[in-house]
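# Per-entry structural report
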Amino acid sequence: MIEVKSELRSALIAARIKAQSQELEAGAGLVTQASALLADVKDRLVAGYIPFKTEIDPRPLMRAWAAKGAQLCLPRTPPKGGEGAGLTFHLCDPDDPSDLEKSAWGVMEPKAHLPQVRPDVVLVPLLGFDRLGNRLGQGQGHYDRTLEALRAEGVVLAVGLAFAAQEVAYMPVEPHDQRLDWIITPIKAYPIAA
């Protein structure tokens, strides 16, 4: 399974690089396609992310949801050596550089002193997805561990964000892989049946 996922990651990285270079207004497309979810974000805590390398940029969607009354937070990755830990989420303004710092992984994330919170909605970056809600990430398992822990505590909505070119017909899954509840691309949104 590890070898299959590794080969798939290589192909999907190439697809995402190409899509990111061609779809300059992808963030605006996410806002349009997420209209079914926009009405349901008032007073909810939404965890986004700062895009890393060629990940689709969720900030236009985060701004749109904040304008509808959502509060925003961002994830902090565990330090290197803490691979078994999940993400923590901290209230912050994703557009305020003074709230952010670079992690050991090279990802921009909230500073540790910012208030830690539990999100109601988690926007999830990914390399690939299928229409059953399965996703392929970078391989560290941060989001799988985090979603599993959040779901053990209560309801959380996991929304995968991707370019349409990142879709595959079938995503290989392992027992620890967490399914998404929605997948939003700049051209279509897919609610995932329970």
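Data block above holds the structure.
Residues numbered from 1 in each chain as written. Predicted model: local features only at pLDDT ≥ 70, side-chain atom pairs only at ≥ 80, totals over all residues. Heavy atoms only, no water.

For the protein, the count of helices and strands is five helices and twelve strands. Expected size for 194 residues packed as a compact globule is a radius of gyration near 16 Å; at 16 Å, the protein falls within 12% of this value. C-alpha atoms of the protein, sized along the principal axes, occupy 40 × 40 × 35 Å. Here the protein holds 194 residues, and 48% of them are scored as buried. Of the contacts made within the protein by residues no fewer than 6 positions apart, 70% connect residues no fewer than 24 positions apart. If the 21 positive side-chain charges of the protein are averaged to one point and the 24 negative ones to another, these points end up 2 Å apart. (Helix = DSSP H or I, 4+ residues; strand = E, 2+ residues; numbered from the N terminus. Rg over C-alpha atoms; globule rule 2.2 N^0.38 Å. Buried < 20%, exposed > 50% of the residue type's maximum accessible area, 1.4 Å probe, protein only. Contact = heavy atoms within 4.5 Å. Lys, Arg positive; Asp, Glu negative; His and termini not counted. Charge placed at Lys NZ, Arg CZ, Asp CG, Glu CD.)

Another aspect to go through is the pairing of strand β2 (residues 71–76). Most of β2 is tucked away, with five of its six residues classed as buried. Note that strand β1 (residues 45–47) and β2 share three bridges and pair parallel. Bridge assignment links valine 46 to a residue of β2, and that residue is leucine 72. Handedness of the crossover joining β1 and β2 through helix α4 (residues 59–67) is recorded here as right-handed. In this structure, β2 lies alongside strand β3 (residues 88–91), joined through four bridges in antiparallel fashion. Counterpart to arginine 76 in the pairing with β3 is threonine 88. (Pairing = 2+ DSSP bridges. Right-handed = clockwise from strand over helix to strand, strands pointing away.)

Moving on: unusual backbone geometry. Of note, aspartate 43 is a non-glycine position whose phi angle comes to about 65°, a positive value. For aspartate 43, the location among the structural elements is in the loop between α3 (35–38) and β1.

Moving on, we come to the environment of glutamine 116. Residue placement: glutamine 116 occurs in strand β6 (residues 116–117). In the structure, glutamine 116 is positioned 48 residues away from lysine 68 in sequence and 22 Å away in space, judged by C-alpha atoms. When neighbours within four sequence positions are excluded, glutamine 116 is seen to be in contact with Thr88, Phe89 and His90.

Inspection of every chain in the model, using the stated rule, returns zero disulfides. The thiol sulfur of cysteine 73 is not disulfide-bonded, and the nearest other cysteine sulfur, from cysteine 92, lies at 7.6 Å. Among the residues examined, cysteine 92 registers a relative accessible area of 10% and is labelled buried. (Disulfide = S-S within 2.5 Å.)

It is worth spelling out the sheet that holds strand β12 (residues 189–191) at this point. Backbone-to-backbone hydrogen bonds join strands into a sheet, with any given pair of strands oriented parallel or antiparallel. Read from one edge of the open sheet, eight strands run β6-β3-β2-β1-β7-β10-β11-β12, paired in mixed fashion. The open sheet has two edge strands with one neighbour each: β6 and β12.

What follows concerns the nonpolar core. Counting 47 residues, the largest nonpolar core has Trp65, Val122, Leu123, Val159, Leu161 and Ile184 as its most contacted members. In contact with valine 122, not counting residues within four places along its chain, are Ala47, Phe89, Tyr143, Leu147, Leu150, Val156, Leu157, Ala158 and Val159. Of all hydrophobic cores here, the second largest spans six residues; its members include Leu8, Leu127, Leu136 and Val168. (Core = buried A, V, L, I, M, F, W, Y, C linked by side-chain atoms within 4.5 Å.)

When we look at burial in α4, the residues that qualify are Leu61, Met62, Ala64 and Trp65. Axial view of α4: buried residues confined to an arc of 160°, hence all on one face. Remark: glycine 69 follows α4 within two positions and exhibits a positive phi of approximately 105°. (Arc of directions from axis to C-beta.)

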